[in-house]
Structure formats: structure tokens, C-alpha cells
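Each chain is listed here by its residues.
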Amino acid sequence: MKKILRILLIISTVFLIGIKGVSAESVNITQQFVDNVWSFHYRNGSVWTFGNLPYNYANGKLVYCIQPDARITTSSYNVYSDFTMSGYSNDIKRQMELISYYGYKYPGHESLKYYMATQELMWLFSNDESIKWTTGNTDDTPMIDVSYEKNEIQRLINNHNVKPSFAEITYHVDVDQGLTIEDKNRSLDRYNIVSVDKLEYSIEGNKIKIKTPNIGDYNFKLIPKQNYNGTTYIYDNFSTRTQTLASFGKPDLKEYKFMVRVYPRGDIEINKTNEEGEKLSGVEFEILDENNKLQDTLVTEDGYAKSKSLPTGNYIVKEKKELYGYEKDNNEYKVSVTGTGENYIHKTLDIVNKKIKCEITYITTSKEENIDVSFNIYKDGIIVYSGKTKNGKASIELPYGDFIIKEIEVPNGYKLNDKEISFSVNDITCASTLKVDNEKVIMPITSTKRNYCYLLLFLFDIGGLIYVKKTD
Amino acid sequence: MLKRLIKIIIFLSCFIFMIPVTKDIKLKQKIDNIIINKEKSIYRGYIYIPKFDYKNVIKKDKSALDENLVEMTNFSDEIGGSNIVLAGHNNRYVFNKIYYLKNGDEIIITDNSKDYKYVVDKTKYIEVDDYDSLNNKDSLTLITCTNNNQERYIVIAKRV
């Protein structure tokens with residue numbers, strides 16, 4: 001009979017152990033009560049129990065009370081890995097793990113209020129309908145409000161499975177443009193960001209601002225803010241009625257990553273000259289992308305224009321507005337702003353404009369007669385053309401502008417008409433005629449007819465006097 | 001009878017010989033009058049050659065050259081211009097003395113308000129078609145006929 005009883009005892013012990021889970025070790029429970037913090041537990045609309053809030057430690061490790069119905073009656077507890085031994089389901093276990101994770105120990109939550117909120121949220125899985133926190137052992141003492149902390153924990157729990165909206169995405173951005181990515185799921189605060197490739201960034205709310213000073217691929221990791229090892233245990237001493245305690249392992253945590261691919265940028269420089277190499281200002285250009293979409297408008301200044309910073313790609317440069325007096329360049333210049341290894345790609349276009357030439361006819365006459373003269377054409381005081389009329393006519397091709405034409409040499413016998421004739425060549429006066437008339441030089445006739453009358457009269461007088469003298 | 005007729009003619013010729021003298025006086029009066037009254041219109045001013053104490057009026061019009069006055073021709077139309085050509089008949093009233101001008105002799109022309117002084121720089125005979133010789137910048141060129149109108153004699157004076 002004794003043998004049978006012994007066998008039954010052994011079987012029942014083994015069965016009990018099987019039911020209660022494996023007891024790994026014994027732990028010593030200690031409590032540290034918080035001054036002036038009391039919890040009042042409401043069931044069926046009234047207080048059914050209350051107590052001074054303690055920090056509970058199992059061998060020095062913080063553990064939570066998950067059974068407000070009971071008080072800690074012994075310091076000798078056992079540790080069990082089967083959470084269901086607490087009377088709660090594994091689903092509640094997971095929820096408590098989340099409360100523990102986002103509760104008191106979560107970065108930034110290490111305050112008494114968060115501890116109270118954490119503890120309250122766990123207690124609400126019991127039959128407690130509500131918990132009221134007070135500063136004294138009567139429920140009419142001032143309340144302590146931990147609703148903010150509870151809401152915050154709850155918010156984090158609700159978002160636990162929500163990853164940042166930019167997780168696992170590759171962003172494409174140009175050098176120096178910078179990148180601001182917004183977490184539309186508003187869960188960024190649950191992660192630490194690790195810039196694997198050391199790209200500088202800053203966090204503003206739910207936005208990450210990333211600087212992109214150099215081309216390349218840059219990886220980022222999103223690591224949950226709190227990461228610890230361990231599993232969930234309950235602490236109890238089933239041999240006596242005492243409060244069940246629990247410590248929680250980490251819930252399922254996921255790391256994410258995203259990548260920023262930084263591309264080079266570039267610009268298009270235009271050097272604009274005329275056929276003589278003079279730098280032309282005021283020529284307007286358009287830069288179009290491959291889709292014929294206007295990207296930039298440039299106007300040359302001192303023969304030079306530079307586009308704004310452009311993304312890499314193929315562009316078309318077109319002269320939009322020609323310079324007055326110049327032929328419009330109807331070419332479409334294809335420019336490929338691409339390159340490797342450089343943050344910035346400069347592409348240069350040298351474009352030459354042709355001047356519009358007008359034929360000016362210069363006619364030199366003297367009254368009705370055509371005469372050939374040498375002449376100079378000046379612009380800004382500098383001789384731009386020297387020539388001679390042939391049969392009284394010369395045709396000169398001139399660009400738009402203001403000029404002066406002046407005779408410098410005329411044939412012998414003609415008076416040089418050195419009057420400077422100012423004229424403008426423009427779209428109205430293109431192919432006009434200038435006429436200059438030259439006076440003939442007068443060779444004065446200054447001879448004097450000799451008057452021999454007096455001499456004859458004088459000789460007559462002399463002769464007469466002699467004759468009179470002789471005949472007297 | 002013939003003798004009496006000759007005597008009468010000789011007597012009358014004395015009066016005829018007075019004509020040029022009268023003409024000289026009248027011309028001098030005319031010139032002085034123009035100069036004193038600073039007549040404008042066709043008169044541009046007057047010329048004065050100290051060497052001969054010669055003074056005459058300079059005119060500019062489109063009529064034929066005046067037998068007794070200096071005519072401004074070609075190029076500049078006003079005294080003070082850069083290329084002044086003055087033509088005068090080769091007679092005692094006008095330019096028959098310019099043959100005696102030597103380099104360095106002074107010629108003064110005036111527009112009745114301002115004097116312009118020139119100094120003779122060159123004298124030469126030119127062909128009748130040598131128009132270039134009349135074109136002398138910043139100069140005063142005096143021209144008169146010579147060699148029975150087959151040549152011209154010019155005096156070029158530089159402005160000082």
C-alpha cells in the first residue's frame with residue numbers, strides 16, 4: 001500500500017510539474033514601495049482593493065505584478081516559462097510583452113508615471129475594470145493622472161506592426177539636392193536610424209532630412225529603439241497564495257532598411273560669339289529635356305551663360321531669341337549631361353552667331369557726273385571698311401549698327417566732300433543707298449586785259465606835241 | 001586846222017588821263033567804306049598785306065570775278081576756315097604785287113571781327129588743271145593769272 005502511495009505521489013508530482021511548467025530556479029522577490037502612490041482597483045463600479053505601489057524585483061530584476069487580486073506573501077518564488085500557468089493566454093502574454101516593451105523600460109519612458117501606466121495596462125487584463133491612482137491610501141486623496149502615458153504606450157503598441165513608410169525603399173536623389181523623406185505611417189520614433197555609409201542626416205518629427213554631398217549608394221538601417229534578449233517568465237509560488245509576477249521578453253521586432261542613391265548633377269555652359277570672336281550678350285536660350293519640357297532659360301552676358309543645376313540626362317539647347325542684327329541660329333544642340341565618378345558635370349557649348357549683312361550702296365557724283373572716290377567707313381571711331389567707288393558706285397555689306405562714312409580722297413579737280421555721313425544699318429535701312437555729291441574745284445580766271453587806249457592816247461599826245469612843235 | 005584839232009585832242013586827253021586816278025580814288029573810298037561799315041552779305045572781310053600796305057575787300061558770290069576785289073573761291077566759304085583760296089586779277093588793284101611776296105611775309109585776313117594771321121610758306125607757278133595745288137589745309141592760298149592766262153601763280157601761306 002505504501003509502495004502504491006509512493007508511486008502515486010511520484011506520478012502526481014510529475015503531473016503537477018507537467019501542468020505547472022518547468023521551474024528553472026528559485027528567485028528571491030523583493031519590493032520597493034513608492035511613497036505616496038496608491039492604486040485603487042475598481043470592480044463592479046466600486047473599489048474592491050487598493051495598495052501602495054511597489055517596484056517588484058526578482059533577484060534584483062524588475063518584474064511586474066500581473067495578479068492584482070493577491071498580495072506578495074512570500075519572498076521565495078519560482079520561475080516558470082509557461083506563461084499560461086498565470087491563468088492568462090499566450091495572446092495576453094504577447095500583449096503584455098508589448099506593454100512591457102513600450103512601457104516603463106522603453107527609451108524616454110523611464111519615469112514613475114510610465115511605470116504606473118505600464119502596471120495599470122497589465123492589471124486591466126485581470127478582472128479590474130479600472131484603476132485609479134492616488135497620493136494616499138484613501139481614494140479621495142489627489143489623483144495622479146497617467147492617461148497620457150497610457151495613451152502613449154497604447155499608441156506605440158497599436159503601431160507595433162506598422163513599419164516606417166520608407167522602409168525597404170530606394171530613393172533616387174541628385175547630389176547636393178538633399179532628401180527629405182517623411183514617414184507617413186508616423187512610426188519613425190520607434191526606430192534608431194543607422195547610417196551605414198555615414199551619410200549625414202537629421203530627424204525632424206517624422207521626417208528624415210538627408211544631405212547628399214556626394215554621389216553613391218548609401219544604406220540606412222532602421223533598428224527598433226529597444227532591443228534586449230530574454231524570454232517571458234512568470235514568477236509564482238504555487239505552494240502558497242501569493243501574487244503572480246512576470247518579466248517579459250522582447251516582442252517580435254523587425255529591422256528595416258532603405259537606400260539613398262545619389263546621382264551627379266550638371267550644368268550647361270554656353271559661350272556665344274560672333275564670327276569675329278566678339279562675345280555676344282543678350283542672346284536667349286532654352287534648355288529642354290528629353291520630353292521637350294523647358295528646364296531653363298538663359299541669357300548670355302558678356303558672351304557667357306550658365307544653366308541652373310540640372311539632373312543628369314540628355315538636353316536640347318535652342319536659341320530662343322537672336323540678338324538684333326544677327327541671324328537666328330536654328331540648330332538644336334543635343335547635350336548629354338552624364339558622367340561617372342564626379343559629383344558635378346560641366347558641359348560647354350561654343351555657339352557662333354552670324355551677323356545679318358546689309359548691302360549699302362554708296363554713290364559719289366559731281367553734279368550729273370559719276371566720280372570715283374576713296375572712302376572709309378567708321379564704327380565707334382574705328383575704320384571698319386576702306387574702299388573706292390567704281391563708276392561712282394560701291395556696294396558694301398555691313399552688319400547692323402551705326403556707322404559713319406567719309407570720303408578721304410577725290411580725283412584731281414574735285415573738292416573733297418569730307419562731311420561725315422552718319423547712318424544706321426537695321427532691318428528698315430537694310431539695302432539703302434547713300435549719295436554724296438562733290439563740287440568741282442574752280443580754277444579762277446584772273447587775267448587782265450591790257451588797256452592800250454591810254455598808251456595809244458599818250459603816244460598820240462606825244463606825236464601831236466612834236467608835230468605841233470615842228471609846224472610852229 | 002589840223003594843228004588846232006591835235007591841240008584840242010591833247011587838251012582833252014589830259015582829262016582822260018584823270019579817269020584812272022579818279023577810279024583809284026573811288027575804289028579806295030568804296031573799299032574803305034565796306035571795311036568801315038563791316039558790310040556782310042557778299043563781303044567776307046578784307047585782306048591786308050603789310051609788306052605793300054595793301055588792303056582789299058574779300059567777297060564771295062557766284063558772279064564773275066570782280067576786277068578790283070579779292071574773290072574767295074573753292075573750299076572754305078568763311079574766313080577762319082581751314083582752306084581758304086583767294087583769287088584776284090593780276091592787276092594793280094588786286095594781286096599783281098603777290099609776285100613780290102617772299103617766304104616769311106605776313107598776310108592778314110579778317111572777318112571784320114577777328115584777324116587771322118598767315119605767313120608765306122611757298123610760292124609757285126602751277127598749270128591751269130593743277131587743282132590739287134589749291135587744296136592746302138590750314139592755309140591761305142592766293143592765286144592770280146600769269147603767263148597770259150596760260151599758268152597760275154599761287155602763294156601759299158600757313159596759319160600762325
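Residues numbered from 1 in each chain as written. Chains lettered and ligands numbered in written order. Predicted model: local features only at pLDDT ≥ 70, side-chain atom pairs only at ≥ 80, totals over all residues. Heavy atoms only, no water.

Attention now moves to the state of the cysteines. Residue and element names in this part refer to chain A. Tallied over the entire structure, the rule returns 1 disulfide over all chains. Here Cys358 connects covalently by a disulfide to Cys430, the sulfurs 1.8 Å from one another. On the sign convention where negative is left-handed, the bridge of Cys358 and Cys430, at about -105° about the S-S bond, is left-handed. Of the two residues, Cys358 is situated in strand β23 (residues 358-366) and Cys430 in the loop between β29 (421-425) and β30 (433-437); the sequence distance between them amounts to 72 residues. Note on Cys358: relative accessible area 0%, which makes it buried. We classify Cys430 as partly exposed; its relative accessible area is 28%. (Disulfide = S-S within 2.5 Å. Helix = DSSP H or I, 4+ residues; strand = E, 2+ residues; numbered from the N terminus. Buried < 20%, exposed > 50% of the residue type's maximum accessible area, 1.4 Å probe, protein only.)

Looking now at the sheet that holds strand β16 (residues 284-289) of chain A. Residues and elements named next belong to chain A. The sheet built from 4 strands is open, its strands ordered β17-β16-β20-β21 with antiparallel pairing. What marks the edges here is a single partner per strand, and that holds for β17 (294-299) and β21 (332-337). Adjacent strand axes in the sheet meet at a mean angle of 25° when their direction is disregarded. Inspection of the sheet shows β16 paired to strand β20 (residues 313-321) by 6 bridges, in the antiparallel sense. Bridge assignment links Leu288 to a residue of β20, and that residue is Ile316. (Pairing = 2+ DSSP bridges. Axes fitted to C-alpha atoms, helices over the stretch in contact; angles between N-to-C directions.)

Moving on to the pattern of salt bridges. By the definition in use, this model includes 24 salt bridges over all chains. Between Asp217(A) and Arg261(A) there is a salt bridge; the shortest N-O distance is 2.8 Å. Here Asp217(A), found in strand β11 (residues 216-224), pairs with Arg261(A), found in strand β14 (residues 256-263); they are 44 residues apart in sequence, far enough to count as distant. Residue class for Asp217(A) comes out partly exposed when judged on its relative accessible area of 38%. You can call Arg261(A) partly exposed: its relative accessible area is 29%. For Glu71(B), the salt bridge identified is with Lys59(B), shortest N-O distance 2.8 Å. With Glu71(B) in strand β3 (residues 70-73) and Lys59(B) in strand β2 (residues 54-59), this pair connects stretches of sequence that are 12 residues apart. (Salt bridge = Lys/Arg side-chain N within 4 Å of Asp/Glu carboxyl O.)

Counting 45 residues, the largest nonpolar core has Ile66(A) and Trp133(A) as its most contacted members. A total of 7 residues in this core trace back to one element, the largest contributor, which is helix α3 (residues 112-123) of chain A. Leave out the neighbours within four places in its chain, and Ile66(A) touches Phe83(A), Ser86(A), Tyr88(A), Met96(A), Met122(A), Ile234(A), Thr244(A), Leu245(A), Ala246(A) and Phe248(A). Ranked by size, the runner-up nonpolar core spans 33 residues in total, among them Tyr43(B), Leu69(B), Ile98(B) and Tyr153(B). (Core = buried A, V, L, I, M, F, W, Y, C linked by side-chain atoms within 4.5 Å. Contact = heavy atoms within 4.5 Å.)

Glancing now at the packing of aromatic side chains. The geometry of two aromatic rings is summed up by the distance between their centres and the angle between their planes. Residue and element names in this part refer to chain A. In total, this model carries 27 aromatic pairs over all chains according to the counting rule given. Aromatic side chains Tyr201 and Phe220 sit 5.9 Å apart centroid to centroid with 85° between the ring planes, which places their arrangement in the edge-to-face category. You can see Tyr201 sitting in strand β9 (residues 201-204) and its partner Phe220 sitting in strand β11, a full 19 residues away along the chain. We classify Phe220 as buried; its relative accessible area is 0%. Ring-pair connections join several aromatic residues into one group, and the members of that group are Tyr55, Tyr64, Phe83, Tyr88, Tyr104, Tyr115 and Phe248. (Phe/Tyr/Trp six-rings, centres within 6.5 Å; stacked < 30°, edge-to-face > 60°.)

Glancing now at the sheet that holds strand β1 (residues 43-49) of chain B. Residue and element names in this part refer to chain B. Taken in spatial order, the 8 strands close into a barrel running β1-β2-β3-β4-β7-β8-β6-β5, and their pairing is mixed. When the angles between neighbouring strand axes are averaged without regard to direction, this sheet yields 35°. Two strands pair when backbone bridges link them, and β2 and β3 are joined in this way by 2 bridges, in the parallel orientation. Note on β3: the bridge partner recorded for Lys59 is Glu71.

Predicted confidence across chain B gives a mean pLDDT of 84, with 97% of residues reaching 70 or more. Under the prediction, the complex receives an ipTM of 0.76, its pTM being 0.53. (pLDDT = per-residue confidence, 0-100.)

With that settled, consider the side chain of Asp128(A). Residues and elements named next belong to chain A. Within the element layout of this structure, Asp128 appears in the loop between α3 and β5 (130-134). Classification of Asp128 by relative accessible area gives buried; the value is 5%. Engagement of the side chain of Asp128 in a polar contact is seen with the side chain of His41, the distance being 2.5 Å. Setting aside its immediate chain neighbours within four residues, Asp128 contacts His41, Tyr42, Arg43, Trp48, Pro68 and Trp123. (Polar contact = N/O pair within 3.5 Å; in protein donor to acceptor, adjacent residues only side chain to side chain.)

Moving on to a nonpolar patch on the surface. A surface patch of nonpolar side chains, about 800 Å² in accessible area, is lined by Tyr452(A), Leu455(A), Leu456(A), Phe458(A), Leu459(A), Ile462(A), Leu465(A) and Ile466(A). Looking at the secondary structure, you find Leu465(A) in helix α5 (residues 453-471). (Patch = residues over 30% accessible without salt bridge, like charges linked within 9 Å, V, L, I, M, F, W, Y side chains within 5 Å. Areas by Shrake-Rupley, 256 points an atom, 1.4 Å probe, with all protein chains shown as cover.)

Along the chain, the position of Thr73(B) falls in strand β3. The contacts of Thr73(B), once residues within four sequence positions are left out, are Pro444(A), Lys60(B), Val85(B) and Ala87(B).

All names here are of chain A. For Ala431, the position within the fold is in the loop between β29 and β30. On a C-alpha basis, the gap between Ala431 and Thr361 in space is 7.3 Å, while along the polypeptide they are 70 residues apart. Among residues more than four places away in sequence, those in contact with Ala431 are Cys358, Glu359 and Ile360.

A word on helix α1 (residues 2-37) of chain B. For α1(B), built from 36 residues, the straight-helix expectation of 52 Å at 1.5 Å per residue is met to within 8% by its first-to-last C-alpha distance of 52 Å. For α1(B), the complete set of buried residues consists of Ile6(B), Ile10(B), Ser13(B), Leu27(B), Ile31(B), Ile34(B) and Ile35(B). Looking at the buried residues of α1(B), the elements they touch are α5 of chain A together with β1 and β2 of chain B. Lys38(B) lies just past α1(B) and shows a positive phi near 50°. (Expected span 1.5 Å × (residues − 1).)

Further remarks concern helix α2 (residues 90-102) of chain A. Residues and elements named next belong to chain A. Taking 1.5 Å of rise per residue, the 13 residues of α2 would be expected to cover 18 Å, and the 18 Å separating its terminal C-alpha atoms lies within 8% of that figure. Of all the residues in α2, the buried ones are Ile92, Met96, Glu97, Leu98, Ile99, Ser100, Tyr101 and Tyr102. On its buried face, α2 is in contact with β3 (61-65), α3, α4 (147-158) and β11.

All names here are of chain A. With 6 of 6 residues buried, β16 is to be regarded as a mostly interior element. Of the two faces of β16, the one carrying Glu284, Glu286 and Leu288 and the one carrying Phe285, Ile287 and Asp289 are both buried. Of the strand pairs in this sheet, β16 and β17 are connected by 5 bridges, and their pairing is antiparallel. In the sheet register, Glu284 faces β17, and the bridge partner there is Val299. Linking β16 to β17, which pair antiparallel, is a turn of 4 residues; within it Asn292 sits at a positive phi near 65°.

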